[in-house]
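# Structural overview
Take a look at the letters that make up each chain.
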Amino acid sequence: MSPVDLLIAAGVALLAGGINSIAGGGSLILFPVLVGLGLGTVAANVTNSVAQWPGYIGGVLGFRKEYGGQRARMIRFSVVAVLGGTTGSVLLLTTPSEAFDTVVPLLVFLASILLAFQTMITKRLKKQEDGVAHADPAWLYVALFLATVYGGYFGGALGVILVGVLGLGLGRLKLANAMKSAISLVTASVTVVVFGIWGPVEWAYVAVCAPAALLGGYLGAKVATRIPTTPLRVLIVVFGVGVSIYLFLRG
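To start, this report covers the structure provided alongside it. (Residues numbered from 1 in each chain as written. Predicted model: local features only at pLDDT ≥ 70, side-chain atom pairs only at ≥ 80, totals over all residues. Heavy atoms only, no water.)

## So, the pattern of salt bridges
Rules: Think of a salt bridge as a Lys or Arg side-chain nitrogen and an Asp or Glu carboxyl oxygen that are within 4 Å of each other. Only DSSP runs of H or I with at least four residues qualify as helices, and only runs of E with at least two residues qualify as strands; both kinds are numbered from the N terminus onward. Here's how the labels work: a residue is buried when its accessible area is under 20% of the maximum for its type, exposed when over 50%, partly exposed in between, all with a 1.4 Å probe on protein chains only.
Under the counting rule described, the total for this entry stands at 2 salt bridges. The salt bridge involving R73 is made with D136; its shortest N-O contact spans 2.7 Å. Pair noted here: R73 is in helix 5 (residues 71–94) and D136 is in the loop between helix 7 (118–128) and helix 8 (138–153), with a separation of 63 residues, a long-range link. Judged by relative accessible area, R73 falls into the buried class, the value being 13%. For D136, a relative accessible area of 17% corresponds to the buried category. Three or more residues joined by partner-sharing salt bridges are found here, namely R73, R76 and D136.

## Some words on the nonpolar core
Looking at soluble globular proteins, one finds that nonpolar side chains tend to be buried together. Here is the rule: Remark: nonpolar core denotes a set of buried residues (Ala, Val, Leu, Ile, Met, Phe, Trp, Tyr, Cys) joined through side-chain atoms within 4.5 Å. The contact definition used throughout considers only heavy atoms, calling two residues in contact when any of these lie within 4.5 Å.
Within the largest apolar cluster, 57 residues are counted, with the highest numbers of intra-cluster contacts made by F31, F77, F100, V108, L144, F154 and L166. For this core, the leading source of residues is helix 10 (residues 173–198), giving 8 residues. If sequence neighbours within four positions are ignored, F31 has contacts with T41, A44, N45, N48, F100, V104, V108, F154 and L247.

## Considering helix 9 (residues 158–170)
At 3.6 residues per turn, the α-helix brings residues three or four places apart onto the same side. Filter applied, for reference: Take the residue count of a helix, subtract one, and multiply by 1.5 Å to get its expected span.
Its 13 residues place the ends of helix 9 18 Å apart at the C-alpha level, agreeing with the 18 Å of an ideal helix rising 1.5 Å per residue. Here helix 9 lies mainly inside the structure; 10 of its 13 residues are buried. Among the residues making up helix 9, those that are buried are L158, V160, L162, V163, G164, V165, L166, G167, G169 and L170.

## Quick look at the environment of A188
If you trace the backbone, A188 turns up in helix 10. Accessibility expressed as a relative area gives 7% for A188, which makes it buried. Expressed as a C-alpha distance, the spacing of A188 and V82, which sit 106 residues apart in the sequence, is 9.3 Å. For A188, the residues in contact, after removing those within four places along its chain, are W53 and Y56.

## A short note on the packing of aromatic side chains
Stated precisely, the cut-off is as follows: The aromatic pairing rule takes the rings of Phe, Tyr and Trp, using the six-membered ring of Trp, and pairs them if the centres are within 6.5 Å, calling planes under 30 degrees apart stacked, those over 60 edge-to-face and the rest tilted.
Scanning the model with the defined rule gives 5 aromatic pairs in all. Ring geometry for Y150 versus F154: centroids 6.3 Å apart, planes at 70 degrees, classification edge-to-face. Each of the two residues, Y150 as well as F154, counts as buried. An aromatic cluster is defined as three or more aromatic residues linked by ring pairs; in this entry it consists of F31, F100, Y150, Y153 and F154.

In structure tokens:
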């Protein structure tokens, strides 16, 4: 890789971090760029996962007030996230790369479509919110496990999936958003450990992309309330669908 490649990757990571704060879907931007810079799809995926990990810390810190009285629930959800994230990460590293090449266009397309309907999902969940505390249904833990398996394997638009699942299971959208950030951080932390030890991570890209993504997330949070998110979301969705078509034809 050349200094120009590293500069491009850092610039895109900065943009991806900002997009994650403003509209979500930043991983759909950085992943194809890493592929375009010459990484294989699996290497690009694990490098993308490790590089974007610092951004999840900011999300958890931003919701820290919402975690009051939720310690036991957070522990239960974190255990599920560790199991699911580990399963997904191990699946990625132990299955043939050809299998990932086959499924990744579909995953990118699915993530793009979920992002397209994010606002609709959020509005519907908000209408259903009753503000009453309920016992966590058993199906919620199964759904969280499957979601975090996906997060460990690929992870694009994981936050959208988690908000939908948690919103339905908890009945409180604000709490669902907070728990989404915590579960995403745990899942991402698992992938960092697994991929960092056994995965084909390109550490030079991580070294420039991780701080850039963190800075982008911070700057994005500052401007999130000042710019319309809908046009940006539409652009990301169109880009993501285009990438999925490209990867499908490329495979």
